[in-house]
Amino acid sequence: QRRVHGDQSLLNPLDGTPVKWYKNGENFNSKFGALTNAYEESKSEAISLFYSCFPEAWALIYPDQADRWEELMYSLWLYYVFIYSKSFESHSDQLGIFNSAHSQGRYALIQAVRGHSPDVVTVEWKDDDTDAFKLRLDKSKIRTKGLEAVKDYLLHLQVYKSTADSDNGLAYFKKLSELGADEFRMKRYIFSIMLPRRIELQDNLRINGEDVETQEYEKTYDAIIQSYMDRFPEFDKELYDYWRSDAVYLKI
């Protein structure tokens, strides 16, 4: 017989109805499925923003910098607004999903703040046809409207998780993970100014008699390959055999 722990008269704080429970064999992973990681990542990120609004938290973690807690709080919130803009890089237009649980969680978090308190994080568009924009964080509203937005977000996430309400929980989280017209506009601009991923070309050192010389290379793809060949001139058959045995599991 299934045992239910807790007060059976407990009411859901979101709608006032009696709370639901996990059934035998159910857990958070089985109920929330593929979004489990992003959901939990977002909740943990939201907790950090929540506690950043209290000087007691900073005094506990960084007692030697407790007098700077407001500056640290602002820096943390500003960082999350920045990585919100970075989260677009892992979003797939074709699939309509994020390829990173961290990115989806951070995106949903700031979307929750923007939706609950629109004047905390705002978008300022440049008056031209480039789609250039600025994200602005109102420092004066962090501990008021910003904190209330994060509290509301955490309440929803935790209640849905604790009461096994995957239907409403997933609908809520998926809605915050969607890109609207403005978000797609931001994404287009971000991708238009992105630089190609860096490829590192590293010089080598070689011994010439009693001297140590620098081996420099041209800035070409062939030179990158040559630099690795010079750095590792010996063929390591054992390492190669290990690679061949695992190659079937590697994405190339």
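Residues numbered from 1 in each chain as written. Predicted model: local features only at pLDDT ≥ 70, side-chain atom pairs only at ≥ 80, totals over all residues. Heavy atoms only, no water.

### Focus on the overall build of the protein
When helices and strands are tallied, the protein shows 10 helices and 6 strands. Relative to the globule expectation of 18 Å for 252 residues, the C-alpha radius of gyration of the protein, 25 Å, shows a markedly less compact shape. Taking the principal axes of the C-alpha coordinates as reference, the protein spans close to 85 × 55 × 45 Å. Sorting the 252 residues of the protein into buried and exposed places 33% on the buried side. Within the protein, residue pairs in contact and separated by at least 24 positions form 59% of the contacts whose partners lie at least 6 positions apart. Total accessible area computed for the protein in this model is approximately 17,200 Å², and 52% of it derives from carbon and sulfur atoms. (Helix = DSSP H or I, 4+ residues; strand = E, 2+ residues; numbered from the N terminus. Rg over C-alpha atoms; globule rule 2.2 N^0.38 Å. Buried < 20%, exposed > 50% of the residue type's maximum accessible area, 1.4 Å probe, protein only. Contact = heavy atoms within 4.5 Å. Areas by Shrake-Rupley, 256 points an atom, 1.4 Å probe, with all protein chains shown as cover.)

### Description of the layout of surface pockets
The computed volume of the largest pocket comes to approximately 240 Å³. Contributing to the lining of the largest pocket are 14 residues, with Leu35, Gly96, Ile97, Phe98 and Gln104 lying nearest its centre. At the level of elements, α2 (36-51), β2 (97-98), α5 (101-116) and α7 (166-177) are the ones that each hand at least two residues to the lining of the largest pocket. Of the residues contributing to the lining of the largest pocket, the split by class is 7 nonpolar, 5 polar and 2 charged. The computed volume of the second largest pocket comes to approximately 180 Å³. If you trace the second largest pocket, you find it lined by Phe82, Ser85, Lys86, Glu89, Phe133, Tyr189, Ile190, Ile193 and Met194. Looking at the lining of the second largest pocket, the elements with two or more residues in it are α4 (69-86) and α8 (181-193). Considering only residue class, the lining of the second largest pocket consists of 6 nonpolar, 1 polar and 2 charged. (1 Å grid on protein atoms, 1.4 Å probe; cavity = no way out; pocket = protein on both sides within 12 Å on 5 of 7 lines; lining within 4 Å. Points joined across faces, edges and corners; volume = space filled by probe spheres on them. Nonpolar A, V, L, I, M, F, W, Y, C, P; charged D, E, K, R; others polar.)

### Some points on the pattern of salt bridges
For the structure on display, the rule yields 19 salt bridges. Ionic pairing is found between Asp93 and Lys187, a salt bridge with its closest N-O pair at 2.5 Å. Placement of the pair is Asp93 in the loop between β1 (91-92) and β2 and Lys187 in helix α8, with a sequence separation of 94 residues. The class of Asp93 is partly exposed, set by a relative accessible area of 45%. A residue is classified by how much of its surface remains accessible, and Lys187, at 6% relative accessible area, is buried. Here the salt bridges do not stand alone but share partners, grouping Glu40, Lys43 and Lys161 into one network. (Salt bridge = Lys/Arg side-chain N within 4 Å of Asp/Glu carboxyl O.)

### As for the packing of aromatic side chains
Scanning the entire structure with this criterion turns up 18 aromatic pairs. When the centroid spacing of 6.1 Å and the interplanar angle of 25° are considered together, the rings of Trp58 and Tyr62 count as stacked. Under the relative-accessibility criterion, Tyr62 is labelled partly exposed at 40%. An aromatic cluster is built from Phe28, Phe32, Tyr39 and Phe173, whose rings are joined through pairwise contacts. Here the basic side chain of Lys161 rests over the ring of Phe28, its NZ or CZ set 4.7 Å away from the ring centre. We note Arg185 situated over the ring of Trp125; from NZ or CZ to the ring centre the distance is 3.8 Å. (Phe/Tyr/Trp six-rings, centres within 6.5 Å; stacked < 30°, edge-to-face > 60°. Lys NZ or Arg CZ within 6 Å of the ring centre and 35° of its normal.)

### Looking at the environment of Asp236
Mapped onto the elements of the fold, Asp236 is located in the loop between α9 (221-231) and α10 (237-246). By relative accessible area, Asp236 is classed as partly exposed at 44%.

### With respect to the pairing of strand β5 (residues 204-208)
Judged from the 5 bridges that link them, β5 and strand β6 (residues 211-215) form a sheet pairing that is antiparallel. Of the residues in β6, the one forming a bridge with Asn208 is Asp211. Here β5 hands over to β6 after 2 residues, with Gly209 in that stretch at a positive phi of 70°. (Pairing = 2+ DSSP bridges.)

### Quick notes on unusual backbone geometry
Phi at Asp131 is positive, roughly 65°, even though this residue is not glycine. You can see Asp131 is positioned in the loop between β3 (121-125) and β4 (133-137). Positioned with a positive phi, Ala164 is a non-glycine residue whose angle comes to about 60°. With respect to the secondary-structure elements, Ala164 resides in the loop between α6 (142-162) and α7.

### A short note on the nonpolar core
Among the nonpolar cores identified, the biggest contains 46 residues, and Trp77, Tyr153 and Phe173 are the most heavily contacted of them. For this core, the secondary structure elements donating two or more residues are α1 (28-32), α2, α4, α5, β4, α6, α7 and α8. The contact partners of Phe173, leaving out residues within four places of it in the chain, are Leu35, Ala38, Tyr39, Ser42, Gln104, Gly105, Ala108, Tyr153 and Leu157. (Core = buried A, V, L, I, M, F, W, Y, C linked by side-chain atoms within 4.5 Å.)

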